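# Secondary and tertiary structure notes
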Amino acid sequence: MVSKTTTETLTDKKSRVRKIITRLKRTYPDAQCSLRHNNPYQLMVSTILSAQCTDERVNMVTPELFARFPTPGKMAAAPIEEIEELIRSTGFYRNKAKSIKNNAIMLLSDFGGEIPRTLADLVKLPGVGRKTASVVLGAGFGLAEGVVVDTHVVRISRLLGLTENKTPEKIERDLIEILPKKDWILWTHLIIDHGRAVCVARRPKCPECPLCKLCPSAIL
Ligand code: SF4
């Protein structure tokens, strides 16, 4: 059982997080990115669309969007009004359409139409921040240059006592120090599944949580 009062050393925290990961992998063996995509370009566009929107909603609009404009070349040439119409239900559709079109234009002009494979280059693209870049590198190319920190990861990493910080940037730094690098990508998918199934925001189901003996926030 994890005490709420003792100060845990970094070594202890690393050991505890390994046990957490083992249990999460056992509980969510199919954890993966829930944005449907066939290639890193589609993943990047879907991730841009997922801002302030559910993955389910994004998955409803992308089949038609990618059928009409499957490549950066086609997206760059697409009339902005058509992109807007296709993505309207994801919210903030004017800004998102502008980002997606300008993103495609820059992919063509600066990167030969290829998705860059470094965080530094990805964040130069319109609509792509550090989080989207990490999603593309991780789920698109299997490259871990960071840990994707979404709202589930913020909340549950804090509940698990792995960070006391509140901003995604600082939380990512803490997680990078604690998590084994080979699990940086999977961590986000495991925690999102856990946040949807058990550690739900309104009322975490601690008594049935596989992490209850490893979590300082468990209420049993
Ligand atoms: S024990 Fe409770 S607070 Fe901790 S991870 Fe599980 S559900 Fe969340």
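The structure we're discussing is the one just above.
Now for a quick tour of the structure. Keep in mind the model is a prediction, meaning the values are calculated, not measured.

Our next topic: the side chain of Ser157. With respect to the secondary-structure elements, Ser157 resides in helix α9 (residues 151-159). In this structure the side chain of Ser157 is engaged in a polar contact, spanning 2.7 Å, whose partner is the backbone oxygen of Val153. Excluding its chain neighbours within four sequence positions, the residues that come into contact with Ser157 are His152, Leu162, Thr163, Ile171, Leu175 and Trp187.

Here the focus is the environment of Trp184. Position of Trp184 relative to the elements: it lies in helix α11 (residues 184-197). Relative accessible area serves as the criterion here: at 9%, Trp184 is assigned to the buried category. Along the sequence, Trp184 and Gly138 sit 46 residues apart, while their C-alpha atoms lie 8.4 Å from each other. Leave out the neighbours within four places in its chain, and Trp184 touches Ala144, Glu145, Gly146, Val147, Ile176 and Leu179.

Looking now at unusual backbone geometry. Of note, the phi angle at Gln52 is positive, near 55°, even though the residue is not glycine. By the element assignment, Gln52 lies in the loop between α2 (40-49) and α3 (55-68).

Around the ligand, the structure places Leu160, His194, Cys199, Pro204, Cys206, Cys209, Cys212, Cys215 and Ala218. Broken down by class, the residue content of the shell around the ligand amounts to eight nonpolar, one polar and no charged.

With that settled, consider the packing of α9 against α11. The packing of two helices is summarised by the inter-axis angle and the distance between the axes. Where α9 meets α11, the closest approach of the two axes is 9 Å, and the angle between their N-to-C directions is 80°. Between α9 and α11, the interaxial angle falls into the category roughly perpendicular. Packed against α9, whose contacting residues are His152, Val153, Arg155, Ile156 and Ser157, the element α11 presents Trp187, Thr188, Ile191, Ile192, His194, Gly195 and Arg196 at the interface. Here the contact of α9 with α11 is built from residues that sort into five nonpolar, five polar and two charged.

The rules we used
- Residues numbered from 1 in each chain as written.
- Predicted model: local features only at pLDDT ≥ 70, side-chain atom pairs only at ≥ 80, totals over all residues.
- Heavy atoms only, no water.
- Helix = DSSP H or I, 4+ residues; strand = E, 2+ residues; numbered from the N terminus.
- Polar contact = N/O pair within 3.5 Å; in protein donor to acceptor, adjacent residues only side chain to side chain.
- Contact = heavy atoms within 4.5 Å.
- Buried < 20%, exposed > 50% of the residue type's maximum accessible area, 1.4 Å probe, protein only.
- Near = heavy atom within 4 Å.
- Nonpolar A, V, L, I, M, F, W, Y, C, P; charged D, E, K, R; others polar.
- Axes fitted to C-alpha atoms, helices over the stretch in contact; angles between N-to-C directions.
- Parallel < 35°, antiparallel > 145°, perpendicular 65-115°, else oblique.

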